[in-house]
Every structure is written in C-alpha cells, then in structure tokens.
Amino acid sequence: MSKQFDVIVIGGGPGGYIAAIRAAQLGKNVACVDEWKNSAGGPALGGTCTNTGCIPSKALLQSSEHFDHASHHFADHGIAVKGLSMDSAKMVARKDAVVKQNNDGILYLFKKNKVSFFHGRASFVKAVEGAALTGAAQGYEIKVAGAAEETLLAQQVIVATGSTARALPGAPFDETQVLSNEGALALTAVPKKLGLIGSGVIGLEMGSVWRRLGAEVTILEGLPTFLGAVDEQIAKEAHKAFVKQGLKIELGVTVGEVKVAKKGVSVAWTNAKGEAQKLDVDKLIVSIGRVPNTTGLNAQAVGLQLDERGAIVVDGDCRTNLPGVWAVGDVVRGPMLAHKAEEEGVAVAERIAGQHGHVNFNTIPWVIYTSPEIAWVGRTEQQLKADGVAYKAGTFPFLANGRARALGDTTGMVKMLADASTDEILGVHIVGPMASELIAECVVAMEFRASSEDIARICHAHPTLSESTREAALAVDKRTLNF
Ligand code: FAD
C-alpha cells in the first residue's frame, strides 16, 4: 500500500531537513527519507553536517582549544595548571553527545512540524501519472528500503543526498590508518605523527585539532599557493600564524605512492623543486575534496540528469531536467557549505508553495574555524583586479583593538574592499579571533548593499572586536581613529 505526500525530501542533512520543515510550514504534507544510522542502528538526522562534518569538528576544535589555552596561555593570566592531561576518549565521547543532541533536535522538529520521517534508503522507481496519484496529474514513486519497505508517492521531490569524501587514487579509506572526515573525527588517541593530504578547510581544521593535542602534523598540498580561494593578504597572515603554531605545510606537492603497513602509512611525494621526499606517519587524513552523492538513488529509472562529476544538473532555481524534481545542497553545483544547502532548501520549498524563494550567491559567507579563524564574504582583491573593478581597500589590525588585547589574541586583521566610485562594499575578509561571528555584520551590510561609510557611521559597542570592522570601514576612507 503506497503512501501519498505533496512533497518527498530525499536526504535529512541541512539541505533536506530544512526544506522539509519549510514546506511543512507552508501547509504541505511532507515526507523526509534519510538513511544515516547511529552506532545503535537508529536514525541520525542531520547528514554529514551533524554526524561527520560541521558539528563534530567544531566540538573537537573547542575541546582542543581549551587544552591549548590551558597548556600555553593560562600562565599569562596568572593561572598555574599542574598535572594537565588530556583524555581524548572523553573528548570524543563529548563530541558524540553533542552530535546526538543535534540528531534528536531534528527528530523533535519533524514531530513539531508534522513532517513524516522514514529511516532508510530512498530510490526512484518510476514516474507516475493519472489515477495512480490523487489530486495531481503526474508525480513519482519512491521506494524506501529500511527496516520495513515502503512505497511513497508525491508530485514534488526534493533531492538533497549530499556528498562523500574523495579518496586518493590507490589509497582507499580504511578509516583506521587512511582516514576520511569520518575516521578523522572518530580518532580516540592522539597520533604521534599525523599526515594530511590537502590544506583546504577540512584539512586545516582537523590538523589544528590534533596539533593542539600534541601530534606532529604535516600537510601536503598540491596547489602552489596556500588557501588559493582566500584573499592573498589574509591567506599570508593565516599561513604565518599556522606555521608559527607548528603546522608543517608543504605547497606545490605531487603525491606518489601511499604504502599502508600494520603500524603506519608511508607517503612518497615530490616537493615544489621536484625533489623526491618521504613522509612516515601513524595516520593519514585525506581531504582532497568531496564528490556529489547519488549512489542508490536510481536516477536512471526516471532519467534524472547528472553531470560528468555525478552532480545533479540544476538551473539557478534548483530545478532538475524533470518536472517536479528539485535538487539542493552538496549534490548540486556551488559551494559545499551547510548554510548554502539550507538556503537552497528554503528557496525550493517556497517555490513549490508558489512563493519566490531566492538565494543570493554573492553574499554567502565562508568560514574556516581554525585559530585564528578565517572568514570572508564577497570578492577578494585578486578577483576585483581580475574583473577590472576600481576599488578602495581599508585594513585594521586586531593588534590595535582593545578587546583583542584583553582577550590576549591580537593575530590578524579585518580588510574591507569597496567600490572606488560608489563606495558599495564588495568584499570583507577577516583573519583573527571570532572572525566567524564578525562576518555576519558584513553579510548583512552587503545584502543591504551598504557603503563602507554606512559601517563607519554606525555606533559599535566598546570594547568589542566588531570595532575592528568599523575601523576597517574608516580605513577605506583613510581615517582610522585607533591606528
Ligand atoms: P548532507 O549533509 O551530506 O546530507 C545528505 C543526507 O542524505 C545524509 O544524511 C545521507 O545519509 C542521506 N542520503 C543520501 N542518499 C540517500 C538516499 N538515497 N536515501 C536516503 N538518504 C540518503 N559546512 C559549513 O557550512 N560549515 C562548516 O563548518 C563545515 N564543516 C565541515 C566539516 C567537515 C569535516 C565536513 C566533511 C564538511 C563540513 N561542511 C561544513 C560541509 C557541510 O557538511 C555540507 O556542505 C553539508 O552537510 C551539505 O548538506 P546536504 O544536506 O547537501 O548534504
């Protein structure tokens, strides 16, 4: 016996669960299917973000930062700590508890919003039309393979099946020694030597966690520049800080054979000068990007179009080639970020309900939660030059900010870029304490198409880190007050 809904959402990550809730808020009868299992085999809603991505990584970053502070910075405040030790198994257990709170929170939200949840793998069976569907001319039949098998029908389907880690050719993930994000977030002991392939967001965050806890961390990066997508000045400042902390970062590397033995991993690599090198480590984390996940969706049964990377092909509004089928989040083009997935989920639910959902790709913020944090929105100085845009730049160092001095964290700066003739803010780039929170003001400003003078004229509380954003805005007009 099939069950009919207005909307079926496949995937319960940030793209899918948010789409399901928004569609239900708009009066739709919604089902969401997700296959993620917790260690007991039960549902674990929230996708990569909640289970093996954003949330667990931030939990471990927080614990390891506390340890780092107690080890190196408490003494500056007159606090002496004797016999400091780290119980990494407990740290991981705390991380698991934080994940579970989030999993359960989404289940609760589904109940509150009357979203029907099905635990299992969803796949397309066929397109249906006419008598098979009540109240709609055409729709889709979806099979759910879980503890029990279910057949669902709906006129509208939102695919939000996310992404999976890309493996290094010849070195598949065993999650014991060669680790993806899943294994990296489940380590229960500090490896003496840790290798990382890839110095992207995930690599830097994972490298920071285990470096702070005492691992000797080496990052091998194929690109010749560090954090190529980040504003150059900001990336240089961050690189300086990471190297000072003890992260070894090798750029322009070609990775060769990876040999996995019982007790460690050996990586053959060539440096930027073409010299052969070898890295012997206890564990190797590979973070060289992620691939869209359409495994098990049976896309071919309905002719759902995928591109050469396996991503679902969508237009600017997340419509696929099939009427009534939409796709959002990591499984489609665009940045692989949880908040981008959420925005697309909301916009699609609103379009299904006849509203005009909208995602502004120009104001999606990016954050790297290392210490110092890196955050930005809009275009970099390199991009503005490449686009031939005349701009003015203003920077303000945290060294000159009273709150940063009181915190004991004066690394980095705020950099604001504004149009040379209209003064509209075109980009803001931050490296330093709480950059992840500071960027929100800049996103709001850009969304409202503010000028740098608007920010310069707004009263910011003293003493706060946010005064640095105002000072960077003043610097655009060469009139900083505190530097
Ligand atoms: P996902 O979160 O991957 O969810 C997809 C869900 O669909 C999964 O639960 C999967 O099991 C389910 N599924 C797949 N196929 C089927 C099927 N056929 N049937 C049923 N269910 C199915 N982003 C940020 O914005 N900030 C961060 O700090 C951040 N940190 C990260 C840290 C790490 C280590 C990693 C790996 C990623 C991080 N990301 C971060 C990226 C973020 O996790 C993703 O962009 C986000 O999870 C994408 O959401 P999604 O809904 O598209 O897919």
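Please refer to the structure higher up on the page.
Report on the accompanying structure. Keep in mind the model is a prediction, meaning the values are calculated, not measured. All residue numbers refer to position in the chain's written sequence, counted from 1. Whole-chain, interface and lining totals are the exception, using all residues; otherwise, since this is a predicted model, local features are given only for residues with pLDDT of at least 70 and side-chain atom pairs are given and counted only at 80 or more. Note that the side-chain values use all heavy atoms of the structure and ignore hydrogens as well as water.

**With respect to the packing of aromatic side chains**
Aromatic ring pairs are described here by two measures, namely the spacing of the ring centres and the angle between the planes.
Then step 1. Each Phe, Tyr or Trp ring (for Trp, its six-membered ring) is paired with any other whose centre lies within 6.5 Å, and the angle between the two planes then decides the class: stacked below 30 degrees, edge-to-face above 60, tilted in between. This model, assessed by the stated rule, comprises six aromatic pairs.
Then step 2. Summarising the aromatic geometry, the rings of W366 and W376 are spaced 5.6 Å apart at their centres and angled 5° between planes, so their arrangement reads as stacked. Taken together, the positions of W366 in strand β17 (residues 366–368) and W376 in strand β18 (residues 373–378) put the pair 10 residues apart, joining distant regions of the chain.
Then step 3. Consider the rings of F396 and F483, whose centres lie 6.1 Å apart with planes at 80°: the pair is edge-to-face. Here F396 is found in strand β19 (residues 391–397), whereas its partner F483 is found in the segment after α13 (467–476), with 87 residues between them in sequence. A run of DSSP states H or I qualifies as a helix once it reaches four residues; a run of E qualifies as a strand once it reaches two. Both are numbered from the N-terminal end.

**Points about the side chain of D330**
Then step 1. Summarising the element assignment, D330 is placed in the loop between β16 (325–327) and α8 (338–352).
Then step 2. Among buried Asp, Glu, Lys and Arg side chains, D330 stands out as unpaired, with R290 the closest opposite charge at 4.4 Å.
Then step 3. Of note is the side chain of D330, whose polar atom sits 2.8 Å from the side chain of S163.
Then step 4. Two residues form a contact once any of their heavy atoms are found within 4.5 Å. Not counting the four nearest positions on each side in its chain, D330 is found in contact with G162, S163, R290, P292, M336 and L337. Only protein chains enter the accessibility calculation, which uses a 1.4 Å probe; a residue is then buried when its area is under 20% of its type maximum, exposed when over 50%, and partly exposed in between. Positive residues here are Lys and Arg, negative ones are Asp and Glu, while His and the chain termini are left out of the count. Any carboxyl oxygen of Asp or Glu that lies within 4 Å of a side-chain nitrogen of Lys or Arg is treated as forming a salt bridge with it. N or O atoms closer than or at 3.5 Å make up a polar contact, with two conditions inside protein: a donor-capable atom paired with an acceptor-capable one, and, for residues adjacent in sequence, both atoms drawn from side chains.

**What to know about unusual backbone geometry**
Then step 1. A cis amide bond, omega 5°, links S371 with the succeeding residue P372.
Then step 2. Turning to its location among the elements, P372 is positioned in the loop between β17 and β18.
Then step 3. With an omega of -5°, the peptide bond running from H462 to P463 counts as cis.
Then step 4. Unlike most non-glycine residues, E175 shows phi in positive territory, near 60°.

**Things to note about the sheet that holds strand β13 (residues 276–281)**
Then step 1. At least two DSSP bridges between two strands are required for those strands to pair. If you walk across this open sheet you meet the three strands as β11-β12-β13, and the pairing is antiparallel. Every other strand in the sheet has two partners, leaving β11 (254–260) and β13 as the edge strands with one partner each. Within this sheet the neighbouring strands show an average axis-to-axis angle of 20°, counted without direction. Angles here are taken between N-to-C directions and fall from 0 to 180 degrees, while the axes themselves are lines fitted to C-alpha atoms, restricted in helices to the stretch in contact.

**As for the site of the ligand**
Then step 1. By convention in this text, a residue qualifies as near a molecule or strand provided that one of its non-hydrogen atoms is within 4 Å of it. The ligand sits among 38 residues. The nearest are D34, T48, K58, A122 and A338.
Then step 2. In this structure, an oxygen atom belonging to the ligand sits 2.6 Å away from a side-chain N or O atom of D34.
Then step 3. The separation between an oxygen atom of the ligand and a polar main-chain atom of L337 is 3.2 Å.
Then step 4. Surface exposure here means Shrake-Rupley accessible area, sampled with a 1.4 Å probe, where a residue is shielded only by the protein chains that are shown. Starting from 990 Å² of accessible surface for the ligand in isolation, the protein chains cover 96%.
Then step 5. Secondary structure elements with two or more residues in the shell around the ligand: α1 (14–25), β2 (30–34), α2 (47–52), α3 (54–73), β3 (116–129) and α8.
Then step 6. Considering every element that reaches the shell around the ligand, the biggest residue donor is α2, with four residues.
Then step 7. When residues are grouped by polarity, Ala, Val, Leu, Ile, Met, Phe, Trp, Tyr, Cys and Pro land in nonpolar, Asp, Glu, Lys and Arg in charged, and all others, Gly among them, in polar. Here the shell around the ligand is built from residues that sort into 14 nonpolar, 18 polar and six charged.

**A short note on the pattern of salt bridges**
Then step 1. For the coordinates displayed, the defined rule picks out 24 salt bridges.
Then step 2. A salt bridge links E35 to R121, with the nearest nitrogen and oxygen atoms 2.8 Å apart. Highlighted residues: E35 in the loop between β2 and α2 and R121 in strand β3, separated in sequence by 86 residues.
Then step 3. Its relative accessible area of 36% is what places E35 among the partly exposed residues.
Then step 4. Residue R121 is classed as partly exposed on the basis of its relative accessible area of 34%.
Then step 5. For R319, the salt bridge goes to D315, with nearest N and O atoms at 4.0 Å.
Then step 6. Residue R319 is classed as partly exposed on the basis of its relative accessible area, which comes to 37%.
Then step 7. D315 gets classed as partly exposed once you look at its relative accessible area, which sits at 34%.

**A closer look at the packing of α1 against helix α4 (residues 88–112)**
Then step 1. Between α1 and α4, the shortest axis-to-axis distance is 10 Å and the interhelical angle comes to 20°. With respect to each other, α1 and α4 are oriented roughly parallel. Pair α1 / α4 crosses with left-handed handedness. Residues Y17, A20 and I21 of α1 lie in contact with α4, whose contacting residues are I106, L109 and F110.
Then step 2. Among the residues forming the contact of α1 with α4, the class breakdown is six nonpolar, no polar and no charged. Oblique is the label for any angle not under 35 degrees, not over 145, and not in the 65 to 115 range, which are roughly parallel, roughly antiparallel and roughly perpendicular in turn. A crossing counts as left-handed when the near helix is turned anticlockwise from the far one by less than a right angle, and as right-handed when that turn is clockwise.

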